[in-house]
Amino acid sequence: MHRVAQRVRFADDLEALWYLRQDVLTSLAEIDGEPSARRQMRRINSLFKGGLPQTMGPRVHRFTA
């Protein structure tokens, strides 16, 4: 977790932070479990709204039956 925190702290720009999200999710899941980590990531993802090109937004997973 410490290494991920350092990478987030020293990220150069918003795009670099965007690409660190998976590492953050993994670290959070190790501490609090995956359901909690995913809830936390939804809040983190919302901070990127309007700051990145639309094509870089979070993916919406759709399940078909």
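It should be emphasised that the depicted structure is a prediction, and the values quoted were computed from it without experimental measurement. (Residues numbered from 1 in each chain as written. Predicted model: local features only at pLDDT ≥ 70, side-chain atom pairs only at ≥ 80, totals over all residues. Heavy atoms only, no water.)

The next thing to look at is the overall build of the protein. Along its length, the protein carries four helices and zero strands. Reading the helices (α) and strands (β) of the protein from amino to carboxyl end gives α-α-α-α. Counting across all 65 residues of the protein, residues that qualify as buried make up 23%. For the protein, the share of sequence-separated contacts (at least 6 apart) that also reach a separation of at least 24 residues comes to 44%. (Helix = DSSP H or I, 4+ residues; strand = E, 2+ residues; numbered from the N terminus. Buried < 20%, exposed > 50% of the residue type's maximum accessible area, 1.4 Å probe, protein only. Contact = heavy atoms within 4.5 Å.)

This brings us to the pattern of salt bridges. Under the definition given, this model contains two salt bridges. With a closest N to O distance of 2.9 Å, Arg-7 and Asp-23 form a salt bridge. Of this pair, Arg-7 sits in helix H1 (residues 2-9) while Asp-23 sits in helix H3 (residues 21-32), and the two are 16 residues apart along the sequence. For Arg-7, a relative accessible area of 39% corresponds to the partly exposed category. Residue Asp-23 is classed as partly exposed on the basis of its relative accessible area, which comes to 27%. A salt bridge links Arg-38 to Glu-34, with the nearest nitrogen and oxygen atoms 2.8 Å apart. One end of the pair is Arg-38 and the other is Glu-34, both in helix H4 (residues 34-46) and four residues apart, which spans about a single turn. Taking the relative accessible area as the measure of exposure, Arg-38 reaches 44% and is therefore partly exposed. For Glu-34, a relative accessible area of 44% gives the class partly exposed. (Salt bridge = Lys/Arg side-chain N within 4 Å of Asp/Glu carboxyl O.)

Turning our attention to H4. Here H4 is 13 residues long and its end C-alpha atoms lie 18 Å apart, about the 18 Å a rise of 1.5 Å per residue gives. Turning to H4, its buried residues number three or more, namely Ser-36, Ala-37, Gln-40, Met-41 and Asn-45. Packing partners of the buried residues in H4 comprise helix H2 (14-19) and H3. (Expected span 1.5 Å × (residues − 1).)

What tends to happen in soluble globular proteins is that the nonpolar side chains get buried as a cluster. By size, the foremost hydrophobic cluster in this structure holds six residues: Val-4, Val-24, Leu-25, Leu-28, Ala-37 and Met-41. Within the residue set of this core, elements represented by two or more residues are H3 and H4. Examining the composition of this core, we find that three residues originate from one element, H3, more than from any other. Residues in contact with Met-41, not counting those within four places in the same chain, are Arg-21, Val-24, Leu-25 and Leu-28. (Core = buried A, V, L, I, M, F, W, Y, C linked by side-chain atoms within 4.5 Å.)

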